[in-house]
Amino acid sequence: MADKKPGLLTGLDILSVVLLLVVTGMVFFYAPLEAVMGAVQKVFYFHVATGWVGMVGFLLALAAGIAYLRTKDMKWDIAGVAGVEIGMVFMLINIITGSIWARPIWNTWWTWDPRLTTATIMELVYAAYLMLRQGLEEPEKRARFGAVYAIIGFISVPLTFLSIRIFRTIHPVVIGGGDPGAEGSFSMTPKMLQTFMFSLVVFSVLAVDLIWHRIRLGKLGEKVEALKMELES
């Protein structure tokens, strides 16, 4: 069967679960407690990793949008939607875990800090992308508008990433310097760094797995839509 689940994808499913269990064990039993923040700092390993793969998902949507406009191949539209949807899920986790981390450190669940504000705007930009698609019934028109929107909307991604390097902010810069006095900043020990880098790899593998599943679902949806249009004609 053409739609039979590939064995490689099944293997990737298993690998993703195993890696998640391993990284969770490393976070709670291998990485040491941070001297000032204590146990709440362990949210950091999930917070940064989900933000990373969320932005990678939006980057996929950008690349897929460009590819669709050049080729008019619907497979790129499906890939773009997959990137946006999976990216939004991970960015929502990033925002939620950031609030959990912020509560004991900043003494508030939310503050309109530049990083938090731009991250929220970015999430809303891509939520609007999905709403735009819902309002367009003709597949080619939907794909074309979606591709253009994904390209323009990507401006919000580097703005979010660079916000803590451009503006005055209380959000720490973990990689690439920044203000060492920012609230919540800390220095990583070797075990912390190892756990952090491994968490980036694990969530990247998980993202590939979920995007692959979403692309397969999109292809099935395309077949259903084609059959529906054939019956209506």
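For the structure, see preceding data.
The structure presented is a predicted model; accordingly, all values stated were derived computationally and were not measured. (Residues numbered from 1 in each chain as written. Predicted model: local features only at pLDDT ≥ 70, side-chain atom pairs only at ≥ 80, totals over all residues. Heavy atoms only, no water.)

Glancing now at the environment of L69. If you trace the backbone, L69 turns up in helix α2 (residues 43-71). By relative accessible area, L69 is classed as partly exposed at 30%. (Helix = DSSP H or I, 4+ residues; strand = E, 2+ residues; numbered from the N terminus. Buried < 20%, exposed > 50% of the residue type's maximum accessible area, 1.4 Å probe, protein only.)

Counted by the stated rule, this structure contains 3 salt bridges. Here K5 and D13 are joined by a salt bridge, their closest N and O atoms 2.5 Å apart. Linking R214 and E85 is a salt bridge whose minimum nitrogen-to-oxygen distance equals 2.4 Å. You can see R214 sitting in helix α7 (residues 190-232) and its partner E85 sitting in helix α3 (residues 74-106), a full 129 residues away along the chain. A relative accessible area of 19% means that R214 is categorised as buried. (Salt bridge = Lys/Arg side-chain N within 4 Å of Asp/Glu carboxyl O.)

This part covers empty space enclosed by the protein. Scanning the entire structure with this criterion turns up 1 cavity of 30 Å³ or more. Here the largest cavity defines a volume of roughly 50 Å³. Forming the walls of the largest cavity are 13 residues, and the residues nearest its centre are G65, D77, G80, Y129 and A147. At the level of secondary structure, the elements contributing two or more residues to the lining of the largest cavity comprise α2, α3 and α5 (139-153). Class assignment for the residues of the lining of the largest cavity results in 9 nonpolar, 3 polar and 1 charged. (1 Å grid on protein atoms, 1.4 Å probe; cavity = no way out; pocket = protein on both sides within 12 Å on 5 of 7 lines; lining within 4 Å. Points joined across faces, edges and corners; volume = space filled by probe spheres on them. Nonpolar A, V, L, I, M, F, W, Y, C, P; charged D, E, K, R; others polar.)

Considered as a pair, R214 and I78 are 136 residues apart in the sequence and their alpha carbons are 8.4 Å apart. With residues up to four places along the chain from it excluded, the contact list for R214 reads V81, A82, E85 and I86. (Contact = heavy atoms within 4.5 Å.)

Contact geometry for α2 and α3: axes closest at 7 Å, N-to-C directions at 160 degrees. Between α2 and α3, the crossing angle belongs to the class labelled roughly antiparallel. Crossing angle aside, the handedness with which α2 passes α3 is left-handed. Residues that form the contact of α2 with α3 fall into these classes: 21 nonpolar, 12 polar and 1 charged. (Axes fitted to C-alpha atoms, helices over the stretch in contact; angles between N-to-C directions. Parallel < 35°, antiparallel > 145°, perpendicular 65-115°, else oblique. Left-handed = near helix turned anticlockwise from the far one by under 90°.)

Ranked by size, the top nonpolar core spans 21 residues in total, and within it F44, Y45, V53, F90, W101, F196 and F203 carry the most contacts. Elements that contribute at least two residues to this core include exactly α2, α3 and α7. The biggest single contributor to this core is α7, with 7 residues. Grouped together as the second largest cluster of nonpolar side chains are 16 residues, L62, M88, M91 and V157 included. (Core = buried A, V, L, I, M, F, W, Y, C linked by side-chain atoms within 4.5 Å.)

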